[in-house]
Amino acid sequence: EIYLQFLRQLQDQVPMVLPFSHAVAEIEAVLGGPVDDTFVELDPHPIGCATIGQVYRGKLKDGQEVAIKIQYPNGEERFRQDLNLLLTFCRIFM
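What you see as residue numbers is a count from 1 along each chain, following the sequence as written. With the structure being a predicted model, the display of local features is reserved for residues of pLDDT at least 70 and the display and counting of side-chain atom pairs for 80 or more, all residues being used for whole-chain, interface and lining totals. Heavy atoms throughout the structure, all of them, feed into the side-chain values; hydrogens and water do not.

Notes on the side chain of Gln54
Note the threshold: Runs of E in the DSSP output that reach at least two residues are strands. Runs of H or I that reach at least four are helices, and both are numbered from the N terminus. Nitrogen and oxygen atoms within 3.5 Å of one another constitute a polar contact, given that in protein one can donate a hydrogen and the other can accept it, and given that sequence-neighbouring residues count only through two side-chain atoms.
Residue placement: Gln54 occurs in strand 3 (residues 53-60). A distance of 3.3 Å separates a polar atom in the side chain of Gln54 from the backbone nitrogen of Leu18.

Okay, structure coming up:
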């Protein structure tokens with residue numbers, strides 16, 4: 001049970017979802033143009049969130065459904081914090 005409590009802490013501390021406008025800005029920066037040039041659909045509600053980012057569902061102009069991953073600006077730092085937390089857990093309980 002103590003293991004589960006520890007791991008739940010990682011889930012409970014997932015950062016708040018960034019606004020969809022931030023996701024669109026990130027996608028456009030990577031694509032070098034408006035999302036409408038690439039996607040016919042882009043769901044504004046993330047289908048997943050984690051420590052380092054979130055995932056959106058989209059559909060390309062050719063009809064292919066895709067997952068679009070957006071990394072949070074501080075995603076790498078949060079990932080390193082999670083790894084350090086896991087290492088600490090392993091040192092204490094294993």
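There is more to say after this.
Concerning the pairing of strand 3
Put simply, the test is: Being paired, for any two strands, means DSSP has found at least two bridges between them.
Two strands pair when backbone bridges link them, and strand 1 (residues 39-42) and strand 3 are joined in this way by 3 bridges, in the antiparallel orientation. Along strand 3, the bridge assignment pairs Glu41 with Lys59. Where strand 2 (residues 48-49) meets strand 3, 2 bridges bridge the pair, whose relative direction is antiparallel. Within the sheet, the bridge partner assigned to Gly48 lies in strand 3 and is Val55.

Quick word on helix 2 (residues 20-31)
Where we set the bar: A helix is expected to span 1.5 Å multiplied by its residue count minus one. The rule is simple: take the accessible area with a 1.4 Å probe, protein chains only, and divide by the maximum for that residue type; under 20% is buried, over 50% is exposed, in between is partly exposed. Arc, as used here, means the arc of the directions from the helix axis to the C-beta atoms. Contacts are assigned to residue pairs with any non-hydrogen atoms lying within 4.5 Å of each other.
Relative to the 16 Å expected for 12 residues at 1.5 Å per residue, helix 2 spans 16 Å between its end C-alpha atoms, a close match to the ideal helical length. Regarding helix 2, the residues found buried are Ala23, Val24 and Ile27. Seen along its axis, helix 2 keeps its buried residues to an arc of 100 degrees; they face one direction. Turned more than 90 degrees away from the buried face of helix 2, the exposed residues are Ser21 and Ala29. The secondary structure elements touched by the buried residues of helix 2 are strand 1, strand 3 and strand 4 (65-71). Just downstream of helix 2, Gly32 is the residue with a positive phi angle, here 80 degrees.

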